[in-house]
Structure formats: C-alpha cells, structure tokens
Amino acid sequence: MSEKADAGTVVIPTGYSFNIGGFALQELGELVNFAAVGDVSLIHDLSDRLNKSGIKSVTGAMFTSDSIHSHDEKMFQKWKSLNHLAIDLEGAGLYFEGVRLGINVASVHLIYRNVVTKNSMNKEDISKSEKEIAKVILDTITS
C-alpha cells in the first residue's frame, strides 16, 4: 500500500502493528501494547543479500490484520499515512513469539499487488521471484 513497496518488491518488516486483543490478549492474558519486532541483524543480512542479488527490498513497519480482505481504501490510506509499507495476516504473531521466546526472527514478503499504484505481478513472475528469494533466504540462514 506504499509506493516504496510496489509489486515485485520484497518487504522485510522491522516490526508489526496489530490490533490489541486476539493472539496478544490470549497469550498475555491482558490488554497491553507489545513490541512485535524482528531481529535487527537478521533483517539487515536479509535486506543486504537480497539487494546484492538484484532483488529490490525495503524495510519498515507493517500492519497485521485478521480481516485483510474486508478492508477498504480508507483503511489502506490510514496505515499508509502512518508509514506502514504493507498489510499481512500472520506476521505480528511470528514477531510476537520471537520476542516473547527470545528467538531471532525475520519475515520476508513479496508484494504481488499494490492497492495504491494498482500494479500487479503475473503468475510466472511470482513463481520466478519466489524461487530467487527462497535461495537468498536459505543462503542467509545457513551461513
């Protein structure tokens, strides 16, 4: 939902915003704000290796929502105005558990379609990009 993360760009979230409640309430037993952030070194390594391999990547904040398919333009503009690059369904849970359990985590999102620019990737480009991205991820976590 940001021009910085157009179709074909990889987003590596530095952290996720999420609605209070849901998994955080279930796991912590109270309504609190929780820093759902990734491992800075791993995020940097992934970003660096992706960019060196010719795959455009950006880092920044994302928003996790359980109802991603029901959102309208107003909602996208709200999170875009708060400098969030994209929306996903599960990322905050991964980062939440990583912080809570002391596990180094990072996530990688290939943007298939951008609701602001209206640009989209075709199936062939998605498949090719996913294979290239997977190789970089595996190289990063095994080195």
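Residues numbered from 1 in each chain as written. Predicted model: local features only at pLDDT ≥ 70, side-chain atom pairs only at ≥ 80, totals over all residues. Heavy atoms only, no water.

Trainee: What is the right way to read the pairing of strand β4 (residues 84–88) from this model?
Mentor: Looking along a regular strand, one sees side chains alternate from face to face of the sheet. Of all 5 residues in β4, 5 are buried, a share of seventy percent or more. In this sheet, β4 lies alongside strand β3 (residues 57–64) in parallel orientation, the contact comprising 4 bridges. Across the sheet, methionine 62 pairs through a bridge with alanine 86, a residue of β4. (Buried < 20%, exposed > 50% of the residue type's maximum accessible area, 1.4 Å probe, protein only. Helix = DSSP H or I, 4+ residues; strand = E, 2+ residues; numbered from the N terminus. Pairing = 2+ DSSP bridges.)

Trainee: Sorry if this is basic, but what is going on with the side chain of threonine 64 here?
Mentor: Checked against the element boundaries, threonine 64 lands in strand β3. Accessibility expressed as a relative area gives 6% for threonine 64, which makes it buried. Among the polar contacts made by the side chain of threonine 64, one reaches the side chain of aspartate 88 at a distance of 2.6 Å. A polar contact of 2.9 Å, which involves the side chain of threonine 64, links it to the backbone nitrogen of alanine 92. (Polar contact = N/O pair within 3.5 Å; in protein donor to acceptor, adjacent residues only side chain to side chain.)

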